[in-house]
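What follows is the residue order along each chain.
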Amino acid sequence: MTTYSTTSPQPGGRGLRGRAGRLFASTLPHRMDWPLISAVAALSLLGVLLVASATYDPADPGTALGHAERQILHLGVGAAAFVVAAAVDYRVSRAYAPFLYAAAVLGLVLVLTPLGETINGSRSWLVIGGLQMQPGEIAKIGLILAVAMLLGEPRDGEFAPTSRDVLVSLVVLAVPLGLILAQPDLGTGLVLMATCLGMLALSGAPVLWVAGLVGAGLASAFGVVWFGLLEEYQLQRFTTFIDPGADPRGAGYNANQSMIAVGSGGLNGTGLFQGEHTRGRFVPEQHTDFIFTVAGEELGFFGGVLIIGLLAFVLWRVLRIAALCEQPYARMVCLGAAAWLCFQSFINIGMTLGISPITGVPLPFVSYGGTATIAHLAILGLVLNIYARDRRVD
């Protein structure tokens, strides 16, 4: 049995800051969670196939190949981010968490300047030259690291976060949340709130605080709707979620068509590139937010269950790594990653099945997208770094 040192490096010439220039501890850790890596690779491969099918046009076959090739490029950049996150000692992320959080907030500020671009009604994209990125995805990582730093370092004589830690964490959440809602990007805002709440609930914070935050969130949601603070299209999404048949040709079109596409697949599906609803483009954004409709129609019930099963397996492995952590900061990073991926997967799949409102968030590891793909793989790299370097026993 091999034990692992969990002593955090101290500042100074021989500590973490003295080694900050050496970003790579040496090479990738020899101890990797290969089942987790295999599940993510399988989801990514399925994602490329579904993106190709979702964008296939018999009149212009090169279009499908173009989207699939770009997604492979996104995965290549994401794999590089994964390698860096897995190779650099995770305690470096702890040392630079405030700076990473500040950089994420700066990106959200720049989105609201002339550098930002409005796509699908939300000013969520930062455009510099030919490069496009979505700072909201980076903000999810910045929030996890910052909140993990606050909740994962109990003071002397304390074994769980205090009310003060909870309050500071809420302030840390409020800054990027306010900037994201100003875009407005309700989906990303909900993911940030759910991630922070999940970390608070699993950190051992006072139960009254957690219950109070849930109650405050519900009251705020009611107040936002009651006082008409939502954009018209956002309000329509919630209305059609409650009654999908209220406006089937208008606001309820996406929800109805996505359920029809998924239901038409039956048990075995129609086969890749053979879905009538997919090829007919009846579901908008079917290569990004509605990618699960392609899986439901062309891979059928069994294909949909396979994707859900792989996502559940990824979440289980991340939670298992969190349970093995010795250091509170490392454990909180893993729990934050699990909360993020779990909530976003549920919302994305749920909106195609009519069990959650349409909010416009991608399906982790499957949907087409650059910044989101890179962010998902980067946080998984950090989780595997923790698995290799912060475990109680072999």
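This write-up is about the structure you can find in this document.

Basis of the calculations
- Residues numbered from 1 in each chain as written.
- Predicted model: local features only at pLDDT ≥ 70, side-chain atom pairs only at ≥ 80, totals over all residues.
- Heavy atoms only, no water.
- Pairing = 2+ DSSP bridges.
- Helix = DSSP H or I, 4+ residues; strand = E, 2+ residues; numbered from the N terminus.
- Axes fitted to C-alpha atoms, helices over the stretch in contact; angles between N-to-C directions.
- Buried < 20%, exposed > 50% of the residue type's maximum accessible area, 1.4 Å probe, protein only.
- Expected span 1.5 Å × (residues − 1).
- Salt bridge = Lys/Arg side-chain N within 4 Å of Asp/Glu carboxyl O.
- Parallel < 35°, antiparallel > 145°, perpendicular 65-115°, else oblique.
- Left-handed = near helix turned anticlockwise from the far one by under 90°.
- Contact = heavy atoms within 4.5 Å.
- Nonpolar A, V, L, I, M, F, W, Y, C, P; charged D, E, K, R; others polar.
- Phe/Tyr/Trp six-rings, centres within 6.5 Å; stacked < 30°, edge-to-face > 60°.

**What about the sheet that holds strand S2 (residues 122–128)?**
In a beta sheet, neighbouring strands are held together by backbone hydrogen bonds and run either parallel or antiparallel to one another. Within the open sheet, the three strands sit side by side as S1-S2-S3. Their pairing is antiparallel. Each having just a single partner strand, strand S1 (116–119) and strand S3 (131–133) make up the two edges of the open sheet. On average, each strand axis in the sheet is inclined to that of its neighbour by 40°, with strand direction left out of account. Where S2 lies against S3, three bridges are found, and the strand directions are antiparallel. Bridging from a neighbouring strand, Leu126 pairs with Met133 of S3.

**As for the pairing of S1**
Of the pairings in the sheet, the one linking S1 to S2 comprises three bridges and is antiparallel in character. If you follow Glu117 over to S2, its bridge partner there is Trp125. Count of turn residues in the S1/S2 antiparallel hairpin: two residues, of which Asn120 carries a positive phi of about 55°.

**Looking at unusual backbone geometry**
Put simply, Gln183 and Pro184 share a cis peptide bond, and its omega is -10°. By the secondary structure assignment, Pro184 is in the loop between helix H6 (163–181) and helix H7 (186–202). We note that Phe365 has phi near 70°; this positive angle belongs to a residue other than glycine. Of note, Phe365 is situated in the loop between helix H14 (328–353) and helix H15 (370–389). Looking at Phe365, the relative accessible area reads 6%, which means it is buried.

**Quick notes on helix H5 (residues 135–151)**
An α-helical turn contains 3.6 residues, so any two residues separated by three or four positions project in the same direction. Its 17 residues give H5 an end-to-end C-alpha distance of 24 Å, which sits within 8% of 24 Å, the value for a rise of 1.5 Å per residue. Among the 17 residues in H5, 16 count as buried, and that is most of the element.

**Some points on the pattern of salt bridges**
Across all of its chains, the model carries three salt bridges by this definition. Linking Arg317 and Asp33 is a salt bridge whose minimum nitrogen-to-oxygen distance equals 3.0 Å. Of this pair, Arg317 sits in helix H13 (residues 300–324) while Asp33 sits in the segment before helix H1 (34–54); the two residues are 284 residues apart in sequence, bridging distant segments of the chain. Summarising the burial analysis for this pair, Arg317 and Asp33 share the class buried. Here Lys140 makes a salt bridge to Glu137, at a shortest N to O gap of 3.1 Å. With Lys140 and Glu137 both in helix H5, this residue pair falls three residues apart, about one helical turn. Taking the relative accessible area as the measure of exposure, Lys140 reaches 2% and is therefore buried.

**Side note on the packing of helix H4 (residues 97–111) against H6**
Taken N-terminus to C-terminus, the directions of H4 and H6 make an angle of 20°; their axes are 9 Å apart at the nearest point. The angle between H4 and H6 falls in the class roughly parallel. Our pair here, H4 against H6, has a crossing hand that is left-handed. Touching Tyr101, Val105, Leu108 and Val109 of H4 are Val171, Val172, Val175, Pro176, Leu179 and Ile180, all from H6. Taken together, the residues of the contact of H4 with H6 break down into ten nonpolar, no polar and no charged.

**Overview of the packing of aromatic side chains**
Considering all chains together, one arrives at three aromatic pairs under this definition. Taken together, a centroid distance of 6.0 Å and an interplanar angle of 50° make the contact between Tyr96 and Phe99 tilted. By relative accessible area, which is 35% here, Tyr96 ends up partly exposed. Given the relative accessible area of 57%, Phe99 is considered exposed. An angle of 70° between the planes, with centres 5.8 Å apart, marks the rings of Phe301 and Phe302 as edge-to-face.

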